[in-house]
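Below are the chains, spelled out letter by letter.
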Amino acid sequence: PLLGANLIERFNVYKRVNTLQSKEQPERNEIAVVDIKLGTRLNGHGGVVHGGIISLLFDTALGFAYHICLSGDNKNIAVTANLKIDFRAPFREGSEAVVRVNLDRMEGRKIFFSANLESKDGLVVYAEATSLFIKVDRSKVVKNN
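**Student:** How should I be thinking about the overall build of the protein chain in this particular structure?
**Tutor:** When helices and strands are tallied, the protein chain shows two helices and six strands. When the helices and strands of the protein chain are listed from N to C terminus, the series reads β-β-α-β-β-β-β-α. Relative to the globule expectation of 15 Å for 145 residues, the C-alpha radius of gyration of the protein chain, 16 Å, shows essentially globular dimensions. Out of the 145 residues in the protein chain, the part that is buried amounts to 37%. Within the protein chain, residue pairs in contact and separated by at least 24 positions form 66% of the contacts whose partners lie at least 6 positions apart. Accessible area of the protein chain: about 8,400 Å², with a carbon and sulfur share of 50%.

See the structure below:
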């Protein structure tokens, strides 16, 4: 498990209640914010969090966003079809940050998200992600529903 002391120490998901679009970015539809704190044992290079861990954080945050979008849909689950990440700045071990998840659009079974991993004050963007999730009939994927 990656949750625990010196690993992923905090991963709290919050559903956005106020979904009013911002004047600066009218197309933005932020649906979730994830408050995270990482420890010191998830490094790639000395003192910098491994990119694979950042990918895991995004994929997990986006998965929670799917559940926010389609709460009450017990027939389907979503699977990650594509996850693209652009790394912008080193994310240091022992850091706190937030992942902001946006619902970009939905087209049939396709759900498009984007997200930023940024400092709590929003001044530093560590990484940006775009993703495509596909809704799949739960009975075709999960055994023993």
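**Student:** Got a minute to help me understand the environment of Phe11 in this structure?
**Tutor:** Among the secondary structure elements, Phe11 is positioned in strand S1 (residues 8–15). Sequence-wise, Phe11 and Val99 are 88 residues apart; in three dimensions their C-alpha atoms are separated by 9.8 Å. Discounting chain neighbours no more than four positions away, the residues touching Phe11 are Val34, Asp35, Ile36, Leu57, Thr60, Ala61 and Phe64.

**Student:** In this structure, what is going on with the packing of aromatic side chains? I would like to understand it.
**Tutor:** The relative placement of two aromatic rings is captured by the distance of their centres and the angle of their planes. Per the stated rule, a full pass over the model turns up three aromatic pairs. Directly above the aromatic system of Phe112 lies the positively charged group of Arg105, at a separation of 3.8 Å from the ring centroid.

**Student:** Explain the pattern of salt bridges here, please?
**Tutor:** Any two side chains of opposite charge can pair, given that their charged atoms come close. Considering all chains together, one arrives at twelve salt bridges under this definition. Two residues, Lys75 and Asp137, come together in a salt bridge whose shortest N-O distance is 3.8 Å. Pair noted here: Lys75 is in the loop between helix H1 (51–69) and strand S3 (76–87) and Asp137 is in strand S6 (residues 125–137), with a separation of 62 residues, a long-range link. On the accessibility criterion, Lys75 (54% relative accessible area) is exposed. Residue Glu96 pairs with Lys120 through a salt bridge whose shortest N-O separation is 3.2 Å. Pair noted here: Glu96 is in strand S4 (residues 96–107) and Lys120 is in the loop between strand S5 (110–118) and S6, with a separation of 24 residues, a long-range link. Judged by its relative accessible area of 43%, Lys120 falls in the partly exposed class. Residues joined in a network through salt bridges with shared partners are Arg10, Asp35, Glu96 and Lys120.

**Student:** What's the story with the nonpolar core in this structure? I'm lost.
**Tutor:** One recurring pattern in soluble globular proteins: nonpolar side chains tend to sit buried together. Membership of the largest hydrophobic core comes to 34 residues, with the highest contact counts inside it found for Phe58, Phe91, Val101, Phe113 and Leu117. Of all the elements in the fold, those that place two or more residues in this core are S1, strand S2 (30–38), H1, S4, S5 and S6. Sequence-distant contacts of Val101, that is, excluding residues within four places in its chain, are made with Asn29, Glu30, Ile31, Ala32, Ala61, Leu62, Ala65, Phe113, Ser114 and Ala115.

**Student:** What is the right way to look at the environment of Lys75 in this model?
**Tutor:** Put simply, Lys75 and Pro1 are 74 residues apart on the chain and 28 Å apart in space, counted from C-alpha to C-alpha. Those residues in contact with Lys75 that lie beyond four places of it in its chain are Val136, Asp137 and Arg138.

**Student:** Would you mind showing me how to read the sheet that holds S3 here?
**Tutor:** The strands that make up a sheet are held in pairs by hydrogen bonds between backbone atoms, and each pair lies either parallel or antiparallel. Pairing is antiparallel in the open sheet, where six strands are placed in the order S1-S2-S4-S5-S6-S3. Each edge of the open sheet is held by one strand with a lone partner, namely S1 and S3. Here the average twist between neighbouring strands, direction ignored, is 20°. Where S3 meets S6, eleven bridges bridge the pair, whose relative direction is antiparallel. In the sheet register, Val79 faces S6, and the bridge partner there is Ile134.

About the thresholds
- Residues numbered from 1 in each chain as written.
- Predicted model: local features only at pLDDT ≥ 70, side-chain atom pairs only at ≥ 80, totals over all residues.
- Heavy atoms only, no water.
- Helix = DSSP H or I, 4+ residues; strand = E, 2+ residues; numbered from the N terminus.
- Rg over C-alpha atoms; globule rule 2.2 N^0.38 Å.
- Buried < 20%, exposed > 50% of the residue type's maximum accessible area, 1.4 Å probe, protein only.
- Contact = heavy atoms within 4.5 Å.
- Areas by Shrake-Rupley, 256 points an atom, 1.4 Å probe, with all protein chains shown as cover.
- Phe/Tyr/Trp six-rings, centres within 6.5 Å; stacked < 30°, edge-to-face > 60°.
- Lys NZ or Arg CZ within 6 Å of the ring centre and 35° of its normal.
- Salt bridge = Lys/Arg side-chain N within 4 Å of Asp/Glu carboxyl O.
- Core = buried A, V, L, I, M, F, W, Y, C linked by side-chain atoms within 4.5 Å.
- Pairing = 2+ DSSP bridges.
- Axes fitted to C-alpha atoms, helices over the stretch in contact; angles between N-to-C directions.

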